[in-house]
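This is what each chain is made of:
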There are 2 protein chains.
Amino acid sequence: MSFKTGKIAEQTKLSAGIFGLLDCTIVLKMEAESQMREIKYAADISSIKESQARIKPFIHETPVLSSETLNLLSGRQLFFKCECFQKGGAFKFRGACNAVFSLDDDQAAKGVVTHSRFSSGSFLWMVIWSEPTMQSRESTAAKVLQETGAVLLHPYNDRRIISGQGTISLELLEQQVPHLDAIVVPISGGGLISGVALAAKSINPAIRVFAAEPEGANDAAQSKEAGRIITLSETNTVADGLRAFLGDLTWPIVRDLVDGIITVEDKEIINAMKLCYEILKVAVEPSGAIGLAAVLSDSFKNNPAWKDCTNIGIILSGGNVDLGIIWDSYTK
Amino acid sequence: MSFKTGKIAEQTKLSAGIFGLLDCTIVLKMEAESQMREIKYAADISSIKESQARIKPFIHETPVLSSETLNLLSGRQLFFKCECFQKGGAFKFRGACNAVFSLDDDQAAKGVVTHSRFSSGSFLWMVIWSEPTMQSRESTAAKVLQETGAVLLHPYNDRRIISGQGTISLELLEQQVPHLDAIVVPISGGGLISGVALAAKSINPAIRVFAAEPEGANDAAQSKEAGRIITLSETNTVADGLRAFLGDLTWPIVRDLVDGIITVEDKEIINAMKLCYEILKVAVEPSGAIGLAAVLSDSFKNNPAWKDCTNIGIILSGGNVDLGIIWDSYTK
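Residues numbered from 1 in each chain as written. Chains lettered and ligands numbered in written order. Predicted model: local features only at pLDDT ≥ 70, side-chain atom pairs only at ≥ 80, totals over all residues. Heavy atoms only, no water.

### Focus on the pattern of salt bridges
Pairing between side chains of opposite charge can happen when the charged atoms of each approach one another. In total, this model carries 16 salt bridges over all chains according to the counting rule given. In this structure, E171 of chain A engages R94 of chain A in a salt bridge whose closest nitrogen and oxygen atoms are separated by 3.0 Å. Here E171 of chain A is found in helix 7 (residues 159–174), whereas its partner R94 of chain A is found in helix 4 (residues 92–102), with 77 residues between them in sequence. On the accessibility criterion, R94 of chain A (0% relative accessible area) is buried. Salt-bridge contacts for E265 of chain B lead to K267 of chain B; the nearest nitrogen and oxygen are separated by 3.8 Å. With a relative accessible area of 63%, K267 of chain B lands in the exposed category. Taken together, the shared-partner salt bridges connect K81, E83, R94 and E171 of chain A into one network. (Salt bridge = Lys/Arg side-chain N within 4 Å of Asp/Glu carboxyl O. Helix = DSSP H or I, 4+ residues; strand = E, 2+ residues; numbered from the N terminus. Buried < 20%, exposed > 50% of the residue type's maximum accessible area, 1.4 Å probe, protein only.)

This is how it looks when you write it as structure tokens:
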């Protein structure tokens, strides 16, 4: 195990650090039970509005881009909410920021441990590498927690994270875009789409929220079909940010509030990433471009129930692009 | 000579076409003399405000991005005005749009001929290829003009073009950015920086306007030094959009209102392009990234006269990226 210390990119009142545990898959039961007794879902419009007020000074208000060419290609009016321009290059900063600023002083002093495919943010943070095995990840996490007394923060199955991600749709619906009929959101563990769906449907119950998911990691589609959380023994997709499975807090929201899950093949995802690059001029990773792939897919275009979705918001995130993927698609 | 017809990407009231002549270097004397007698420069804040009202329905209001990482690297607060997200992928759409909508019905019916390294826009347009020789370009242009009766529009040495480009700084200074001490603008023929300088200094006479120019095409720097327009027998730079020379309308504005010309080497331009891609998540061509290269250059950082430029606007444009340039820089 080796330690690499990141740079301080932002001055905040928080003296504690966020410790990022890469490639670690511990799943925590947070305050789930107690919350679920009082409210139907793990978060709601109030917790999302509170998050918005809390994180506003620390986040970027990300712009919405549009393109006549992509409108023509899709046959819809598309509004791209560019969370790839968020601090840290992805929407994840919102939830992390909300969670950290929700801590009391005592917790904050001890720090936070979370895990991610790529942990990023603008706080003081420290990346701790573990061996890519479950045993190593668990022992590394346990060791850091024991040594630091830090709070363990689940990357998506957490009220504070869901609420933070939900600020995206609050912000989108407040921006100068026409009335939206639908929002398309990448789905992985469900934190992002849970927050987006809770906020958007609270503001406009008629709005539809669609998940975009890779064929090779279609656990959410299978879960919706089966009516319970399905996990997969393996996943296989270029969208490596979308390999997580639903949690017990995100699943009820996805089950009840997500109007459809659009699965797309890797070649459709790569094509969408290229279109983002060539037409929108935005660098977005496969996991972040999947929303565009979904609205361009035959299954979406040909679904008669969704024909009336004229104005569609698409969440683009994040920006950790492996340039080689685009390059290979040109040269192979 | 062959003809290729582009697609219609935008419905406008204009029935005429813009004919784009690629790689053609005819320089026109427009209404220069008559204008110069009445006003000091070819355009002014009034013509720029008129342009803004004229083109507003047809252009994108482009977002301003910022990055703590790039602020740290530069030692300043940088505000990136992303004209690479403009329709057609560059600021040029503003000037072209203003010029076309300034035509009377009779002129509009006959169309407009202009020339550019890469002619783009969202009108009905037609690309006419000529041989890459001066003789061929001139004869091709003359033939098209004779056949169509079209208006010949200079790509930068024109009041309407300068006024259209000037709307960028009006827009930037109206957006939610702090008080700017300076704006850094790529310089080629001077249309963009002329408009930007006229508008910005009219709003805030203390603001400084800097040009960013490649070492291998430093005609503007030489012109400022010599006090007259200098043209070069050859240019050599990766920023192939910045090879044009100042015109008789842009030169007086550059001479009087541009506070400094920062020349940078190609390797600095490529590095800036990579930073835009990796950190801002924006696809921008070398010519468009040069403003960032300028503020990161030693000559800018170490100039004591410019130390007090804390908040700096940088115009990023355009987005016609040859991916191979970035890729090569990683692999070589």
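### Section: the packing of helix 11 (residues 266–280) of chain B against helix 12 (residues 286–296) of chain B
All names here are of chain B. Viewed as axis vectors pointing N to C, helix 11 and helix 12 meet at an angle of 100°, and their least axial separation amounts to 7 Å. Considering the angle they form, helix 11 stands roughly perpendicular to helix 12. Within the contact between the two elements, helix 11 uses E268, I269, A272, M273, L275 and C276 and helix 12 uses P286, A289, I290, L292, A293 and L296. Looking at the contact of helix 11 with helix 12, its residues break down into eleven nonpolar, no polar and one charged. (Axes fitted to C-alpha atoms, helices over the stretch in contact; angles between N-to-C directions. Parallel < 35°, antiparallel > 145°, perpendicular 65-115°, else oblique. Contact = heavy atoms within 4.5 Å. Nonpolar A, V, L, I, M, F, W, Y, C, P; charged D, E, K, R; others polar.)

### Concerning the sheet that holds strand 8 (residues 182–186) of chain A
Residues and elements named next belong to chain A. The strand order across the open sheet built from six strands is 3-4-11-8-9-10, with neighbouring strands paired in mixed fashion. The open sheet terminates on both sides in strands that have one partner only, identified here as strand 3 (64–65) and strand 10 (260–264). Direction of pairing for strand 8 relative to strand 11 (residues 311–316): parallel, over a ladder of three bridges. Within strand 11, the residue paired with V184 across the bridge is I314. On the sheet, helix 11 (residues 266–280) packs against strand 3, strand 4 (77–82), strand 9 (208–214), strand 10 and strand 11 and is oriented at approximately 90° with respect to strand 10. (Pairing = 2+ DSSP bridges.)

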